[in-house]
Amino acid sequence: MVNPIHLQTLLEVVRQGSFAAAAHRLGYTASAVSQQMAALERETGVQLFIRSAKSVVPTEAAAVMTRHATKVLTDIDALKAATARAAEAAARQLRLGIFPSLATYVLPGVLRNERWRHLGLDLHVAVAEPGETIRGLLAGGELDVVLVYQVGQSGLAWPHTMDRQWIGDDPFCVVLPASWGIANGAQVTAAQLGGMPWIVHHPGTSDAAVIDRLFASCGLEPRVVAYSDDFNASLGLTSAGLGAALVPELALQSRPEGIVVVDVPEIRLARNIFALRPGGSTDPQTGLFLDLVAETLKSLPPRGPGAARR
């Protein structure tokens, strides 16, 4: 194998016309340059210089090698630069898993923030429910960080080796059809809502179990008229007069006409939002990004009646 350092030294010897001048230019000793040229001759099997007591004269082989060495060294520089750019891009890439309502109402605000542009992150986004994005965080490192929510002590779980950062809370709100004649922001009791038509989560989900226990604890027995795990669909059905629903405040950022939000003191529940990363992750850019997500969430206008901001 030809040593690229020897090629660089060859170019300088040919330019300067002597080992001593090349050595001065490169910061070597004349002896070191002579040894490098002898090594290059052994590596290539050709004589590169005609040596005498007072001078060294490049052979035709040296002239040919010099022309090719220039291209080879240029290609090596290009290879190094391309590799460095690829490594830098990989270091700046952030593969994010995020649940739909946070992606809809918070992430765009983050991306419009001037501070986001200064982070220099190459963002790749996967929008899915928490259970799926957690699997992506675990399976072969498909994701770098995931933003998830947990309702009470619901069944969502992750390995204890994960680093968890609290981002904020997303309170649930009770929404009613405006056609029921109850004023927006009114305080009503759970007993008043008992027996009324409700749109609820599908049975068997962890969120449904938490909400069922909450309703039971305050004596609210809903008359179920629809099952929906899609909050936008629930809001649409409520606005059309089908029934009441319990939806997170984030979903109310796109609030349809025909609904009112009421305060039910017995119903206090929130989605706790967390960022999960593999244990030991210390990338400061990702940390700044998560801080920006938390600030953007906190800055959203409250939609619940008299709700304290996160």
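All of these numbers come straight from a predicted model, not from anything done at the bench.

A. Highlighting the pairing of strand β7 (residues 197–200). Here β7 shows two buried faces, one formed by P197 and I199 and the other by W198 and V200. For the segment spanning β7, helix α10 (residues 206–217) and strand β8 (residues 223–227), crossover handedness is right-handed. Strand direction decides the pairing type here: β7 and strand β9 (residues 244–248), joined by 2 bridges, are parallel. Across the sheet, the residue bridging to I199 is A245, located in β9.

B. Seen up close, the side chain of R277. Along the polypeptide, R277 turns up in strand β11 (residues 270–277). Once residues lying within four places of it in the same chain are set aside, the contact partners of R277 are L137, D144, V145, M162, D163, Q165, D283, T286, G287 and L290.

C. Representation of a nonpolar patch on the surface. Taken together, I5, L26 and Y28 make up a surface patch of nonpolar side chains, about 240 Å² in accessible area. Overall, L26 belongs to the partly exposed group, its relative accessible area being 33%.

D. Representation of helix α12 (residues 284–299) within the structure. Counted at 1.5 Å a residue, the expected span for α12 with its 16 residues is 22 Å, and the 23 Å between its end C-alpha atoms agrees. Among all positions of α12, only T286, G287, F289, L290, L292, V293, A294, T296 and L297 are buried.

E. Representation of the packing of aromatic side chains. Counted by the stated rule, this structure contains 6 aromatic pairs. Judged by centre distance (6.5 Å) and plane angle (70°), the rings of F172 and F231 are edge-to-face. In this pair, F172 sits in strand β6 (residues 163–177) while F231 sits in helix α11 (residues 231–239), placing the two residues 59 residues apart along the sequence. For F231, a relative accessible area of 14% puts it in the buried group. Above the ring of F274, the side-chain terminus of R164 is found at 4.2 Å from the ring centroid. Directly above the aromatic system of Y149 lies the positively charged group of R271, at a separation of 4.4 Å from the ring centroid.

F. Inspection of the UniProt feature "domain: HTH lysR-type" (unreviewed entry) in the protein at higher detail. Here, the residues flagged by UniProt with the feature "domain: HTH lysR-type" (unreviewed entry) are residues 2–59. Between the C-alpha atoms that bound residues 2–59 there is a distance of 18 Å. The span itself is 62% helix and 10% strand.

Cut-offs applied
Residues numbered from 1 in each chain as written. Predicted model: local features only at pLDDT ≥ 70, side-chain atom pairs only at ≥ 80, totals over all residues. Heavy atoms only, no water. Buried < 20%, exposed > 50% of the residue type's maximum accessible area, 1.4 Å probe, protein only. Helix = DSSP H or I, 4+ residues; strand = E, 2+ residues; numbered from the N terminus. Right-handed = clockwise from strand over helix to strand, strands pointing away. Pairing = 2+ DSSP bridges. Contact = heavy atoms within 4.5 Å. Patch = residues over 30% accessible without salt bridge, like charges linked within 9 Å, V, L, I, M, F, W, Y side chains within 5 Å. Areas by Shrake-Rupley, 256 points an atom, 1.4 Å probe, with all protein chains shown as cover. Salt bridge = Lys/Arg side-chain N within 4 Å of Asp/Glu carboxyl O. Expected span 1.5 Å × (residues − 1). Phe/Tyr/Trp six-rings, centres within 6.5 Å; stacked < 30°, edge-to-face > 60°. Lys NZ or Arg CZ within 6 Å of the ring centre and 35° of its normal. UniProt positions renumbered as here; feature names shortened; annotations may be inferred.

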